[in-house]
Amino acid sequence: MKEIKFKKALDRLNKAMSNKNPEIEVGKLEVGPVTPNEPTPPTETGCPCCGGGDDGSIDCYVCLVRAIQDVETGSQPVVGGVPGCNVCGDGGRSCGPHQIGRDYIIDACDACPSYCAQFGGANAVINKIHLPCPQTPGQSVEDCCRLKVIIGEHLIGCYNKKYGENPNFSCRCKNKDASGKECCSCEEIAKRHQGGYKGPCNDTPRRREYWRRVKERMRKNCPQCINCGNNSGETPVIEVKK
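Residues numbered from 1 in each chain as written. Predicted model: local features only at pLDDT ≥ 70, side-chain atom pairs only at ≥ 80, totals over all residues. Heavy atoms only, no water.

## Looking at the pattern of salt bridges
Convention followed: When a carboxyl oxygen of Asp or Glu lies within 4 Å of a side-chain nitrogen of Lys or Arg, that pair is called a salt bridge. Strands are runs of DSSP state E lasting at least two residues, helices are runs of H or I lasting at least four, and both sets are numbered from the N terminus onward. Type-normalised accessible area, obtained with a 1.4 Å probe on protein chains alone, sets the label of each residue: buried when under 20%, exposed when over 50%, and partly exposed for intermediate values.
Here the structure, examined in full by the defined rule, presents 11 salt bridges. The residue Arg 66 makes a salt bridge to Glu 153 at a minimum N-O spacing of 3.2 Å. Of this pair, Arg 66 sits in helix α2 (residues 54–73) while Glu 153 sits in helix α6 (residues 141–164), and the two are 87 residues apart along the sequence. Judged on exposure class, the residue Arg 66 and its partner Glu 153 are both buried. Salt-bridge contacts for Lys 191 lead to Glu 187; the nearest nitrogen and oxygen are separated by 2.7 Å.

The structure is reproduced here in structure tokens:
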């Protein structure tokens, strides 16, 4: 049953991410009310704290990871229509539009083995993110760079799933949805991406500035999602503009 729910949620996420426009149109997202005990998709297909789960949370998750991408490489040279497609920072250790490292990818693939298996496993995914585009004969630079974006968007959620959803991990996600279930806020996901698996718990000035920049972009592109950064344990208030 869990595998079926995951596949359906993954299909919805792939559909949402197929939109090549990096911005989500303001006013186009519809966030429904949260029903207690209602099943929500896993965090690699949305962030349940951000919009009440299911389709609403997927839209906010897409907005979040695209804001992260813009903070990481939005000012970098554009290749194949994607800023930072072939950029490697952090001394060559973090690459691609989302600046993802090898260990990060290995951990993400450990949490989502079936997703990474379609590319040939963790090592193949590392190559997809770290090698410059194009990577295969006949492949367009545009298609190669777009694939980097799509894979990176999934990896961010999978990395968060490994640590944020682990009930035995001290720095798991500690926000709560309307039913009282622990879930991951956009703030926690962003800080974990920037600061590693304990990022949300080691709240440094640099990490707070990173989240401020991410939230600033979300405020512009999806204002109905920006309140999902509350880490106090209270249910975030989601305002939907009509």
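## Brief notes about the state of the cysteines
Keep this limit in mind: Note on terminology: disulfide denotes any pair of cysteine sulfur atoms within 2.5 Å.
According to the stated counting rule, one finds eight disulfides in the structure shown. Paired by a disulfide, Cys 63 and Cys 222 hold their sulfur atoms 1.9 Å apart. One disulfide, between Cys 63 and Cys 222, carries an S-S torsion of -85 degrees and so falls in the left-handed class. Residue Cys 63 is found in helix α2, and its partner Cys 222 is found in the segment after α8 (205–221); the two are separated by 159 residues along the sequence. Across the disulfide, Cys 133 is cross-linked to Cys 144 (sulfur-sulfur distance 2.0 Å). Residues Cys 133 and Cys 144 are joined through a disulfide that is left-handed, its torsion about the S-S bond being -70 degrees. In this pair, Cys 133 sits in the loop between α5 (122–130) and α6 while Cys 144 sits in helix α6, placing the two residues 11 residues apart along the sequence.

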